[in-house]
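Single-letter residue listing:
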Amino acid sequence: MSSYATFSPSPTQPRVASAPFDKPSADLIIRSADRVDFRVRSPILLEASPIFEDMFSLPRPPENTYMSDDRPVVDVAESSHTLDILLRMCYPIDRAPTRSIDDMENALVAAIKYDMALPIATLSKELLATAKDQPLRVWAMACRLGLEEHARKAAELLRPRCPTSIDALYLFALGNVSGISAGHYFRLCEFCRGDRDKISLPTFSLLSPRSSGDYKRPTLDTVTSQALSEYRRHPSTLPFPDIICRSSDGQEFEAHRGVLSVISPVLHQKIIALLGSVEGNGHALATKTECSLPILELPEEGKVVSAFLEMCYPSHLAAENDLSTCIAVVSMAKKYDIPRVRQAIMKNWRAASWKDPVRAYFLAANAGWDEGAGISARISLKQSLDGAYCVEMEEASA
């Protein structure tokens, strides 16, 4: 016991939970996020949760544990309302009345977090029973928690309603669409309106793409560096280069300070700082090549740097019709504050969007480029989009 702290981390006086979690004889306190103390019997809790059992089997107590009235106190992130639901399932007492879907979701998230088998099984059954009356909400909750069985059960209940009421699949009534991707919604629509022979296959998944092994999902952090599978060399043949741009993967590109400084105030400041460091000590903050050109280190990969430098030169605004390349150029133009490049790429984006407006929209939306997403959305209204899918849907919110 001596290894526990003997003070509360907050001056706010906690209140005691309602019965049966108010007994002075309890030997452990679970304190909720809203500072309600649940006095529990450790044998019951430790038997219900391997997580708590492991926690108290450690030689030293966890950082969120201290002593109060000679009892260990464990701070948790859950609210008192959620804890009350969860702990009552672990105790040999009468069960609480019927819970709302929101209560079930919060309690199930906590039960999964603490690996509580009985609450997980109990809440799962309640959730499946609730699907009869609120299938769309149960489907949404299943998407957030990764519960394929529950998502399928809810979709099976939604399917008969789709031919008579398209409103059955509208997400506006949900309110909370967090954790639900456009890919989730696409598969729900496919399940409810698609070919019965295809969707009845056991391999059909509502939560995962049908061919998830055929591609690697992009992330917003890597879309710029991964997009440019094909690129052109920037105009390094122009005479009198006076600076080297070195990419994160070690590729070096000859360039011109004047061009970079005029087109980008951000690069201008970087070049000034670079030249100052070269003149001051030559090597502390910058290095030189054999031809004595200062080196400007850039965090982007060589493919991206090359394409970007090409766009920086006045006579080299080449047409670019690859969607991912357009996104990459826009991203760098925004980073280095070059409106000219962003404006020039808009024409290319319109042309490229006509080829695949759905993918164009989600690429732009995932990259936070609202203007490009709006252009693609307007173009999509002029085309048939039945069954249109792209992997970028998995990263976009429904």
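This text follows the structure it describes.
Residues numbered from 1 in each chain as written. Predicted model: local features only at pLDDT ≥ 70, side-chain atom pairs only at ≥ 80, totals over all residues. Heavy atoms only, no water.

Caption draft 1: Seen up close, the side chain of Asp37. Among the secondary structure elements, Asp37 is positioned in strand E3 (residues 36-40). The exposure class of Asp37 is buried, given its relative accessible area of 7%. Within polar-contact distance, the side chain of Asp37 engages the side chain of Arg31 at 2.5 Å. Among all residues touching Asp37, those that are not within four sequence positions of it are Pro14, Arg15, Val16, Ala17, Phe21, Ile29, Ile30 and Arg31. (Helix = DSSP H or I, 4+ residues; strand = E, 2+ residues; numbered from the N terminus. Buried < 20%, exposed > 50% of the residue type's maximum accessible area, 1.4 Å probe, protein only. Polar contact = N/O pair within 3.5 Å; in protein donor to acceptor, adjacent residues only side chain to side chain. Contact = heavy atoms within 4.5 Å.)

Caption draft 2: Molecular detail of the pattern of salt bridges. Applying the stated criterion across every chain yields a total of eleven salt bridges. One salt bridge connects Glu105 with Arg144, and the closest N-O pair in it is separated by 2.7 Å. Here Glu105, found in helix H4 (residues 101-113), pairs with Arg144, found in helix H6 (residues 135-145); they are 39 residues apart in sequence, far enough to count as distant. In this structure Glu105 comes out as buried when scored by relative accessible area, which is 10%. Ionic pairing is found between Arg359 and Glu392, a salt bridge with its closest N-O pair at 3.4 Å. One end of the pair, Arg359, is in helix H16 (residues 357-366); the other, Glu392, is in the segment after helix H17 (370-380), with 33 residues separating them in the sequence. Judged by relative accessible area, Arg359 falls into the partly exposed class, the value being 23%. Salt bridges sharing partners connect three or more residues here, namely Arg246, Glu252 and Glu297. (Salt bridge = Lys/Arg side-chain N within 4 Å of Asp/Glu carboxyl O.)

Caption draft 3: A look at the packing of aromatic side chains. Summed over the entire model, instances satisfying the criterion amount to seven aromatic pairs. Seen from their ring centres, Phe21 and Tyr91 are 5.1 Å apart, and the 80° between their planes marks the pair as edge-to-face. Residue Phe21 is located in the loop between strand E1 (15-16) and strand E2 (28-31), and its partner Tyr91 is located in the loop between helix H3 (80-90) and H4; the two are separated by 70 residues in the primary sequence. According to the relative accessible area criterion, Phe21 is buried, its value standing at 0%. Its guanidinium or amino end placed over the ring of Phe191, Arg159 lies 5.8 Å from that ring's centre, counting from NZ or CZ. (Phe/Tyr/Trp six-rings, centres within 6.5 Å; stacked < 30°, edge-to-face > 60°. Lys NZ or Arg CZ within 6 Å of the ring centre and 35° of its normal.)

Caption draft 4: Expanded view of the pairing of strand E5 (residues 71-75). Burial analysis of E5 places four of its five residues in the buried class, which makes it a mostly covered element. Sheet topology places E2 next to E5; three bridges connect them, and they run parallel. Opposite Ile30, over in E5, you have Val74 as the bridge partner. (Pairing = 2+ DSSP bridges.)

Caption draft 5: Fine view of helix H13 (residues 302-312). For H13, the buried fraction is high: ten of the eleven residues fall into the buried class. Of all the positions in H13, only Gly302, Val304, Val305, Ser306, Ala307, Phe308, Leu309, Glu310, Met311 and Cys312 are classed as buried.

Caption draft 6: How the structure looks around the environment of Ala121. Inspection of the secondary structure assignment puts Ala121 in helix H5 (residues 117-130). A residue is classified by how much of its surface remains accessible, and Ala121, at 36% relative accessible area, is partly exposed.

Caption draft 7: Spatial organisation of the packing of H3 against H4. Close contact between H3 and H4 brings their axes to 9 Å; oriented N to C, the two are set at 70°. The orientation of H3 with respect to H4, classified from their angle, is roughly perpendicular. Facing H3, whose interface residues are His81, Thr82, Ile85 and Leu86, H4 presents Asp103, Asn106, Ala107, Ala110 and Ala111. When the residues that make up the contact of H3 with H4 are grouped by side-chain class, the tally is five nonpolar, three polar and one charged. (Axes fitted to C-alpha atoms, helices over the stretch in contact; angles between N-to-C directions. Parallel < 35°, antiparallel > 145°, perpendicular 65-115°, else oblique. Nonpolar A, V, L, I, M, F, W, Y, C, P; charged D, E, K, R; others polar.)

Caption draft 8: Molecular detail of the nonpolar core. Counting 53 residues, the largest nonpolar core has Ile30, Phe38, Val40, Leu45, Phe52, Met116 and Trp139 as its most contacted members. Ignoring anything within four residues of it in the chain, the contact list for Trp139 reads Ala151, Ala154, Leu171, Ile180, His184, Tyr185 and Leu188. Grouped together as the second largest cluster of nonpolar side chains are 39 residues, Leu267, Leu309, Ala360 and Trp369 included. (Core = buried A, V, L, I, M, F, W, Y, C linked by side-chain atoms within 4.5 Å.)

Caption draft 9: Seen up close, the sheet that holds strand E8 (residues 295-297). The strand order E7-E6-E8 describes an open sheet built from three strands, whose pairing is mixed. The sheet is open, and its two borders are formed by strand E7 (252-255) and E8, each paired with just one other strand. The average undirected angle you get between the axes of adjacent strands in this sheet is 30°. For strand E6 (residues 243-246) and E7, the ladder comprises four bridges, and the chain directions are antiparallel. Each bridged residue has a counterpart across the sheet, and for Cys245 the counterpart in E7 is Phe253.

Caption draft 10: The environment of Phe362, seen in detail. Within the secondary structure, Phe362 is located in helix H16. For Phe362, a relative accessible area of 12% corresponds to the buried category. Between the C-alpha atom of Phe362 and that of Met393, which follows or precedes it by 31 residues, the distance is 6.4 Å. Here Phe362 is in contact with Ala182, Cys390, Glu392, Met393 and Ala396, once residues within four sequence places are set aside.

Caption draft 11: Structural detail: H5. Taking 1.5 Å of rise per residue, the 14 residues of H5 would be expected to cover 20 Å, and the 20 Å separating its terminal C-alpha atoms lies within 8% of that figure. Residues of H5 that are buried: Pro119, Leu123, Ser124, Leu127 and Thr130. Projection of H5 onto a plane perpendicular to its axis shows the buried side chains occupying an angular sector of 130°, all on one side. Pointing more than 90 degrees away from the buried face of H5 are the exposed residues Ala117 and Lys125. (Expected span 1.5 Å × (residues − 1). Arc of directions from axis to C-beta.)

Caption draft 12: Structural context of the packing of helix H15 (residues 339-353) against H17. Taken N-terminus to C-terminus, the directions of H15 and H17 make an angle of 35°; their axes are 9 Å apart at the nearest point. The crossing of H15 and H17 is right-handed. Across the interface between the two elements, Met346, Trp349, Arg350 and Ser353 from H15 touch Glu371, Gly372, Ile375, Ser376 and Ile379 from H17. For the contact of H15 with H17, the residue count by class is four nonpolar, three polar and two charged. (Left-handed = near helix turned anticlockwise from the far one by under 90°.)

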